[in-house]
Amino acid sequence: MLHIFTFLRLIPRLAILLLFLSIAQESVQAQTQSPPASESELNNLSPAQKDAMSKARRLLKLAALMSQQHMYEEAISEINRAQSLIEQAFGAGHKNVGPVLIQLADLYKAKGNYKQAAALLETVLTIAEKAFGPAHLNVARVLNNLGAVYYEMGDLVRAETFLSRSLQMREKMLGPDHVDLASPLNGLAIVYEEKGEYARAEALMLKALQLRRKNLKPDDPRVATLLSNLALFYKKHTDYAKAEPLYLEALQIRKNKLGEEHPLVGKLLNNLAELYEAKGDKQRAEPLLKLALDIKEKALGPEHPEVAVTLSNLAALYFKLGDYARAEPLLQRALAIYEKKHGANHPDTIPILGNLSSVYEAKGNIAQAVEYLIRMNDVREHHLALILTTGSERQKSLYLETFTGETDATIDLQARRAPNNLAALRMALTTVLRRKGRVLDALTDQIAALRRRLNPQDRELLDKLLAARSQLAVRELKGSAQDDQTLRDVEIGKLEGEVAKLEEEVSKRSAEFRAGVQPVTIERVQQAIPANAALVELTTYYSTANARAGDRFSALHYVAYVLRREGDPAFVELGEVKPIVDLVRQFRKALANEQSSDVKRAGRALDERVMRPVRKLLGDARLILLSPDSGALSLVPFNALVDENQRYLVEDYTFTYLTSGRDLLRSGAQVQSRQEPVVIANPAFDQTISRPGQSTATANRNTAPNRSIDFTRLKIEPLPGTAAEASALKRLLPEARVLTGAQATEAALKQVAGPRILHIATHGFFLPASTEQQSRALADGSSNASIARRSENPLLRSGLLLAGVNKGQSGAGEDGVLTSLEAASLDLWGTRLVVLSACETGIGDLKSDGVYGLRRALMLAGTESGLISLWQVSDLGTRDLMVGYYRRLRAGEGRAAALRQVQIRMLRTQNWKHPYYWASFIPIGDWRSL
């Protein structure tokens, strides 16, 4: 499992140690601006206070000298004496105590005792805000120091908060080009880098370096700090040509200014060695690492975290050389240092635990390899749960992507090296349950937290988010050839930034949710699985052992995990992804054409590769709680697969689709509906969409219209089936509010507030992102396949059309196009079921965290369950399916079981027996009776 070293390095987090020089300088500046009583203040002091100040100053100078000689314990003792003198003379909360505590915090940081440093700095912050007011440079400097310390403690949330406050205060007081901005810019860049926001991180690093180069001498050590951090960034991203000269320049500055034996010189030697190792020059790397280790041990002591960095990197070098006997003790020593200094849950233990797992796997000790990987994943989960409480959707996704390699390594070890090891199996399934669809889960929970309390401020925030998303959707979808593209891009970028800011604010407002997060365990998920059911988790992972030379895709494999209410989990390896994707493409092509005679053959072929191996693990389960992967299999109607007896699976099984088995943990938490059912159907589209230079065309497919539309090419035809569907539903749901014709507007839909059922029957659309994506799209045969790229955001390329769309007027300033981005802001908190009786409402962009389209939007909006489509559906066939579905729901059947019974009836009806008619809709979410 050599690839684990590719993903798990100590470098990214420990770059913050390079902030120490900046922090120390900040502390000196703070002391210079507010030392223990200025000369003018000394004249107003009593003789006893003057004497105390004089003695304290001498003690602090002595402590500074001791600190330079790395005599930390002695220095701390002198500072404590100085603190006692100042507090006796002025009081514990006096401003003169602040600089003393800052100097003491610096020493604890140098020793790696970050918790003590943070506690001291929190006290200093309180003192500074009281003494100078909340908007003062001394306060900004303390905030900067706190941000750096909390980063070291692994708390990215508080680190970003403090550093951002420091930066904002400095910009306001000093202007955007002052050199003092460099320190918080540098700290924020490192935070963003760890969270996966690489472009943002690089921009901040470059800006910080520019400020220091412009305002400081070329050989200033503070310039070297930023040179080194930027080099580290480029090294991580394999841009070695940029990294090496930056390292060498920084190293020369440090040697000249600090001497050959300074620990910051040792840090640079360590990083330079890592660069050479990455370039394959191991002969130059090893002596540099040994020299760095020697310098650090002499200067910092053998148990400093910086020593652990070099120990781990030296171990990685020996691992690559196949010298596991030398690698193991180095990693064990590094782990002991971190756990002693920071505790077992510190993020810096993650790469060491992963690397130890790799060493034990290489040595054939699978049991220990599994043990360390379990520990690694537990630490990761601890921090993941905290970090996902902050940031926009994009920021959350970027962070999750930074450790996909860890997930792959976990599944790979279990499936390839330990297939019969129960501990490994439970570890792999737990990891999948924790991480699959996690961003969607976090966003849903945060919005739910606001919906639960919904005070006026929260309501205003959610209204602003909906309005911003609507403006972005209108600007994206209403562009024309006459637009100034540069101006349009600027406007869109501004709107995207506003949406992201509001999403971040939602995260902040719902931060109290983090205290209520319960751990995801196999046992808790099992308790939510019915006795007659099985959870089937399908996922992909990269296995380097199975990769063919030059073909990374060959290493991508499918695996299925099966969990019942009782007993141990089970799994089966399904093989390479590519052949399965090819079968999915063939199957979907056959399904989308009601004339296709190839559908059973295609369904049998796909079943043989995917579900037949899984069926052997199902036992007597007939309800399948299916969590497909985020790729091709998420677009497959599993009920239309054909088993070895030529029976459709719908004849023997009931399926419901989940984002992850983790969804089951909230399935029992019902929320009271606030409105009676709402039915929106047969909107009055008014007139055709016509664009300059384009001809209109009918949307007819054979003689019956489909519920899909191509904005640029097709004439929007009425859907007669939706009118009849609405009439039938009014009889079945007499309490429902039915909006048709001119009443079926986007404005009316956005006003719904937790209806028990929401049924929408209209045109649906999904626009592929680009020509390249269209050529790879699984939805072969879709009328949308020729649409040009409209937006990078998949939630802006899918949605529903409503009344007045042709005139761009759909009530209250709306345009009649409800994008998925806007649908995600609907208030469906308390809605038991949403039925999207339209085309392609279940497809979207396939991303690592799920299918980005209306399917995702419904979950974000808060619905308990949904019914969505996977291709262009028949208008009349859909009408019959929906009427039958609601009849069975009214009779008390479960949401998934009712659909199955209707599908079986249609399967046995001559006019509707082709799966094109009955298999297009799939249930998502809760399967139980309404």
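Residues numbered from 1 in each chain as written. Predicted model: local features only at pLDDT ≥ 70, side-chain atom pairs only at ≥ 80, totals over all residues. Heavy atoms only, no water.

### Considering the overall build of the protein
A tally of regular secondary structure across the protein gives 38 helices and 18 strands. Counting all 930 residues of the protein, 62% fall into the buried class. Long-range pairs, those at least 24 residues apart, make up 74% of the contacts in the protein with a sequence separation of at least 6. Taken as a whole, the protein presents about 34,700 Å² of accessible surface, with 51% of it coming from carbon and sulfur. (Helix = DSSP H or I, 4+ residues; strand = E, 2+ residues; numbered from the N terminus. Buried < 20%, exposed > 50% of the residue type's maximum accessible area, 1.4 Å probe, protein only. Contact = heavy atoms within 4.5 Å. Areas by Shrake-Rupley, 256 points an atom, 1.4 Å probe, with all protein chains shown as cover.)

### Points about helix α14 (residues 240-258)
The end-to-end C-alpha distance of α14 is 26 Å, a good match for the 27 Å that 19 residues give at a rise of 1.5 Å each. Of all the residues in α14, the buried ones are Ala-243, Glu-244, Leu-246, Tyr-247, Ala-250, Leu-251, Ile-253 and Arg-254. Among the structural elements, α13 (221-236) and α15 (263-278) are those in contact with the buried residues of α14. Following α14 by one or two positions, Gly-259 adopts a phi angle in the positive range, close to 95 degrees. (Expected span 1.5 Å × (residues − 1).)

### Examining the pairing of strand β14 (residues 833-837)
Summarising burial for β14: 5 of the 5 residues are buried, a large majority. Residue alternation in β14 divides its side chains into two sets, Leu-833, Val-835 and Ser-837 and Val-834 and Leu-836, and both sets are buried. Where strand β10 (residues 757-761) lies against β14, 5 bridges are found, and the strand directions are parallel. Within the sheet, the bridge partner assigned to His-759 lies in β14 and is Val-835. (Pairing = 2+ DSSP bridges.)

### Overview of the pattern of salt bridges
Going through the model one piece at a time under the given rule, you end up with 58 salt bridges. The salt bridge involving Glu-160 is made with Lys-195; its shortest N-O contact spans 2.7 Å. Separated by 35 residues along the polypeptide, Glu-160 in helix α10 (residues 156-174) and Lys-195 in the loop between α11 (182-194) and α12 (198-215) bring together distant segments of the chain. For Lys-195, a relative accessible area of 4% corresponds to the buried category. A salt bridge links Arg-647 to Glu-651; the shortest N-O distance between them is 3.7 Å. (Salt bridge = Lys/Arg side-chain N within 4 Å of Asp/Glu carboxyl O.)

### Some words on the sheet that holds strand β13 (residues 817-819)
One open sheet accounts for 3 strands, arranged β11-β12-β13; its pairing is antiparallel. Single-partner strands in this sheet number two, and they are β11 (764-766) and β13. Averaged over neighbouring strand pairs, the angle between their axes works out to 25 degrees when direction is ignored. With 3 bridges connecting them, β11 and strand β12 (residues 798-801) associate as antiparallel partners. Residue pairing in the sheet places Gly-764 in a bridge with Leu-800 of β12. (Axes fitted to C-alpha atoms, helices over the stretch in contact; angles between N-to-C directions.)

### What to know about the packing of aromatic side chains
What the rule picks out here adds up to 13 aromatic pairs. Seen in terms of ring centroids, Tyr-399 and Phe-403 are 5.4 Å apart; in terms of plane orientation they differ by 75 degrees. Their pairing is edge-to-face. Owing to a relative accessible area of 2%, Tyr-399 belongs among the buried residues under this scheme. Arranged with centres 5.2 Å apart and planes meeting at 85 degrees, the rings of Tyr-648 and Trp-918 form a pair that is edge-to-face. Here Tyr-648 is found in the loop between β4 (623-627) and β5 (654-657), whereas its partner Trp-918 is found in helix α38 (residues 915-918), with 270 residues between them in sequence. Both residues of the pair, Tyr-648 and Trp-918, count as buried. Pairwise contacts between aromatic rings join Phe-638, Tyr-653, Phe-655 and Tyr-657 into one cluster. We note Arg-200 situated over the ring of Tyr-192; from NZ or CZ to the ring centre the distance is 4.0 Å. The ring of Trp-927 has Arg-928 lying over it, and the distance from NZ or CZ to the ring centre is 5.5 Å. (Phe/Tyr/Trp six-rings, centres within 6.5 Å; stacked < 30°, edge-to-face > 60°. Lys NZ or Arg CZ within 6 Å of the ring centre and 35° of its normal.)

### As for the environment of Thr-722
If you trace the backbone, Thr-722 turns up in helix α31 (residues 720-732). On the accessibility criterion, Thr-722 (0% relative accessible area) is buried.

### Concerning unusual backbone geometry
For Thr-238, which is not glycine, the phi torsion reads 60 degrees and is therefore positive. Relative to the helices and strands, Thr-238 is located in the loop between α13 and α14. On the basis of relative accessible area, Thr-238 is assigned to the exposed category, the value being 54%. The phi torsion at Ala-812 lies on the positive side, around 55 degrees, for a residue other than glycine. Tracing the backbone through its elements, the reader meets Ala-812 in the loop between β12 and β13.

### Quick look at the confidence of the model for the protein
Per-residue pLDDT for the protein averages 82, and the proportion of residues at 70 or more is 83%. Across residues 707-714 the pLDDT falls below 50, and counting only partners more than four positions away or on other chains, this stretch makes 52 contacts in the model. Counted against residues more than four places away or in other chains, residues 771-791, with its pLDDT under 50, gives 57 contacts. (pLDDT = per-residue confidence, 0-100.)

### Here we look at the side chain of Ser-596
Within the element layout of this structure, Ser-596 appears in the loop between α28 (577-591) and α29 (599-609). Not counting residues up to four positions away in its chain, the partners in contact with Ser-596 are Ala-590 and His-914.

### A look at the side chain of Lys-750
Tracing the chain through its elements places Lys-750 in helix α32 (residues 746-750). A polar contact of 2.7 Å, which involves the side chain of Lys-750, links it to the side chain of Glu-822. (Polar contact = N/O pair within 3.5 Å; in protein donor to acceptor, adjacent residues only side chain to side chain.)

### Here we look at the packing of α12 against α13
α13 packs onto α12 with a crossing angle of 155 degrees between their chain directions and a minimal axis gap of 9 Å. When the axes of α12 and α13 are compared, the pair comes out roughly antiparallel. Between α12 and α13 lies a crossing whose hand is left-handed. Each of Tyr-198, Ala-201, Glu-202, Met-205, Leu-206, Ala-208, Leu-209, Arg-212 and Arg-213 in α12 lies in contact with α13, whose residues at this interface are Arg-222, Val-223, Thr-225, Leu-226, Leu-227, Asn-229, Leu-230, Phe-233, Tyr-234 and Lys-236. The residue makeup of the contact of α12 with α13, split by class, is 12 nonpolar, 2 polar and 5 charged. (Parallel < 35°, antiparallel > 145°, perpendicular 65-115°, else oblique. Left-handed = near helix turned anticlockwise from the far one by under 90°. Nonpolar A, V, L, I, M, F, W, Y, C, P; charged D, E, K, R; others polar.)

### Details of the environment of Ser-543
Within the secondary structure layout, Ser-543 lies in the loop between β1 (533-542) and β2 (556-563). The exposure class of Ser-543 is buried, given its relative accessible area of 0%. For the pair formed by Ser-543 and Asp-408, sequence separation is 135 residues and the distance between their alpha carbons is 7.2 Å. Aside from chain neighbours lying at most four places away, what touches Ser-543 is Asp-412, Arg-416 and Ala-555. One polar contact links Ser-543 to Asp-412, side chain to side chain, over a distance of 2.8 Å.

### Examining the packing of α31 against helix α36 (residues 875-890)
The N-to-C vectors of α31 and α36 enclose an angle of 10 degrees; their axes lie 8 Å apart at closest approach. On the basis of their axis angle, the class for α31 and α36 is roughly parallel. Within the contact between the two elements, α31 uses Pro-720, Gly-721, Thr-722, Ala-724, Glu-725, Ala-728, Leu-729 and Leu-732 and α36 uses Asp-875, Leu-876, Thr-878, Arg-879, Met-882, Val-883, Tyr-886, Arg-887 and Arg-890. Class assignment of the residues belonging to the contact of α31 with α36 gives a composition of 9 nonpolar, 3 polar and 5 charged.

### A short note on the environment of Arg-158
Inspection of the secondary structure puts Arg-158 in helix α10. A residue is classified by how much of its surface remains accessible, and Arg-158, at 40% relative accessible area, is partly exposed. Polar side-chain contacts of Arg-158 include one of 2.8 Å to the side chain of Asp-155.

### Re helix α17 (residues 305-320)
Between its terminal C-alpha atoms α17 stretches 23 Å, which fits the 22 Å expected from 16 residues at 1.5 Å a residue. For α17, a buried count of 15 out of 16 residues is recorded, marking the element as mostly surrounded by other parts of the structure. Just downstream of α17 lies Gly-322, where phi reads positive at about 80 degrees.

### Regarding the pairing of β12
In this sheet, β13 lies alongside β12 in antiparallel orientation, the contact comprising 3 bridges. Each residue of the ladder has a partner; that of Leu-801, found in β13, is Val-817.

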